[in-house]
Amino acid sequence: MSEVGALQRRIRRWLVLFIVCLALSGLTAFPLVTEVRLAVDALNGWASFLADAFPGLKEWMLRVQEGVETADGRYPFLLYGTDWLAFAHLVIAVAFYGPYRDPVRNIWVIDFGMIACAGIIPLALICGPIRDIPFWWSVVDMSFGVFGILPLLVVRRLVKRLESLTAPVGPRMQPAA
């Protein structure tokens, strides 16, 4: 097994993991009302130990449930925003097919993804308080950026290694004056 082939396989495995997680994260934005209802039911049932350990969690989830159910019942167009959020996740996931096919040529997509992951932190810190989101929930949101950037850092390092192994050898041609 060549080192180049091994690197390509490792890069692809990491990218598949990232793409699947990004797509799943997006897909969960579509059934928001149902998911919140299931979460509240869980906190009242099999996950009551979490509600006991974190009383603010249950209180917050009840508030979220009231909000999304009110929006769904009276202003369903507001939930269209979460549909677009889901769509954006799916579109961004598709963009990572470029590095999957040719990681060296499409490293810019990896850089773009890392910038997006880093951008989650100021977004959560600025918009969270404006939207009356509890700080601990903003920390959960920020963790998506942290956990998202980790595989991308690994991929970027592997792509740079692949690039060094596949770079053409020989004297460089000087541009004509």
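Each value, and the rule that gives it
- Residues numbered from 1 in each chain as written.
- Predicted model: local features only at pLDDT ≥ 70, side-chain atom pairs only at ≥ 80, totals over all residues.
- Heavy atoms only, no water.
- Helix = DSSP H or I, 4+ residues; strand = E, 2+ residues; numbered from the N terminus.
- Rg over C-alpha atoms; globule rule 2.2 N^0.38 Å.
- Buried < 20%, exposed > 50% of the residue type's maximum accessible area, 1.4 Å probe, protein only.
- Contact = heavy atoms within 4.5 Å.
- Expected span 1.5 Å × (residues − 1).
- Arc of directions from axis to C-beta.
- Polar contact = N/O pair within 3.5 Å; in protein donor to acceptor, adjacent residues only side chain to side chain.
- Salt bridge = Lys/Arg side-chain N within 4 Å of Asp/Glu carboxyl O.
- pLDDT = per-residue confidence, 0-100.
- Core = buried A, V, L, I, M, F, W, Y, C linked by side-chain atoms within 4.5 Å.

Topic: the overall build of the protein
Right, so step 1: The helix and strand inventory of the protein stands at eight helices and zero strands.
Right, so step 2: At 21 Å, the protein has a C-alpha radius of gyration far larger than the 16 Å of a compact globule built from 177 residues.
Right, so step 3: A principal-axis box enclosing the C-alpha atoms of the protein has dimensions of 70 × 40 × 25 Å.
Right, so step 4: Out of the 177 residues in the protein, the part that is buried amounts to 28%.
Right, so step 5: Intrachain contacts of the protein at a sequence separation of at least 6 include 74% that bridge at least 24 residues.

A word on helix H5 (residues 80-95)
Right, so step 1: An ideal rise of 1.5 Å per residue puts 22 Å on 16 residues; H5 measures up with 23 Å between its terminal C-alpha atoms.
Right, so step 2: Those residues of H5 that sit buried are Thr-82, Ala-86, His-89 and Ala-93. Taken around the axis of H5, the buried residues stretch over an arc of 55°, which confines them to a single face.
Right, so step 3: On the buried face of H5, the contacting elements are helix H1 (3-27), helix H2 (32-44) and helix H6 (97-101).

Description of the side chain of Asn-106
Right, so step 1: As for its placement among the helices and strands, Asn-106 is situated in the loop between H6 and helix H7 (107-130).
Right, so step 2: By relative accessible area, Asn-106 is classed as buried at 18%.
Right, so step 3: Only 3.0 Å separates the side chain of Asn-106 from the backbone oxygen of Gly-98, close enough to count as a polar contact.
Right, so step 4: If we skip the residues at most four places from it in the chain, Asn-106 touches Gly-98 and Pro-99.

Structural notes on the pattern of salt bridges
Right, so step 1: Enumeration over the complete set of coordinates arrives at five salt bridges.
Right, so step 2: Between Arg-161 and Glu-3 there is a salt bridge; the shortest N-O distance is 2.9 Å. With a gap of 158 residues between them, Arg-161 in helix H8 (residues 135-166) and Glu-3 in helix H1 connect regions that are remote in the sequence.
Right, so step 3: For Arg-161, a relative accessible area of 40% puts it in the partly exposed group.
Right, so step 4: For Glu-3, a relative accessible area of 43% puts it in the partly exposed group.
Right, so step 5: Note that Glu-163 is salt-bridged to Lys-160, the shortest N-O span being 3.3 Å. Here Lys-160 and Glu-163 lie together in helix H8, a separation of three residues that amounts to about one turn.

So, unusual backbone geometry
Right, so step 1: Phi angles above zero are rare outside glycine, and Asp-132 is one such case at about 60°.
Right, so step 2: Assignment of secondary structure puts Asp-132 in the loop between H7 and H8.
Right, so step 3: On the accessibility criterion, Asp-132 (46% relative accessible area) is partly exposed.

Description of the confidence of the model for the protein
Right, so step 1: Counting all residues, the mean pLDDT for the protein is 94, and 95% of those residues have values of 70 or more.
Right, so step 2: Of all helices and strands in the protein, the one with the weakest mean pLDDT is helix H3 (residues 48-53) (94), whereas H6 scores best (98).

Some points on the nonpolar core
Considering soluble globular proteins, one finds that nonpolar side chains tend to be buried as a cluster.
Right, so step 1: Counting 18 residues, the largest nonpolar core has Ile-11, Leu-15, Phe-96, Ile-110, Leu-152 and Val-155 as its most contacted members.
Right, so step 2: Those elements giving two or more residues to this core turn out to be H1, H7 and H8.
Right, so step 3: In terms of residues, this core owes the most to one element, H1, which gives six residues.
Right, so step 4: Beyond its immediate sequence surroundings of up to four residues, Val-155 is in contact with Ile-11, Trp-14, Leu-15 and Ile-110.
Right, so step 5: The next biggest cluster of nonpolar side chains, apart from the first, holds ten residues, and it includes Val-33, Val-36, Val-40 and Met-61.

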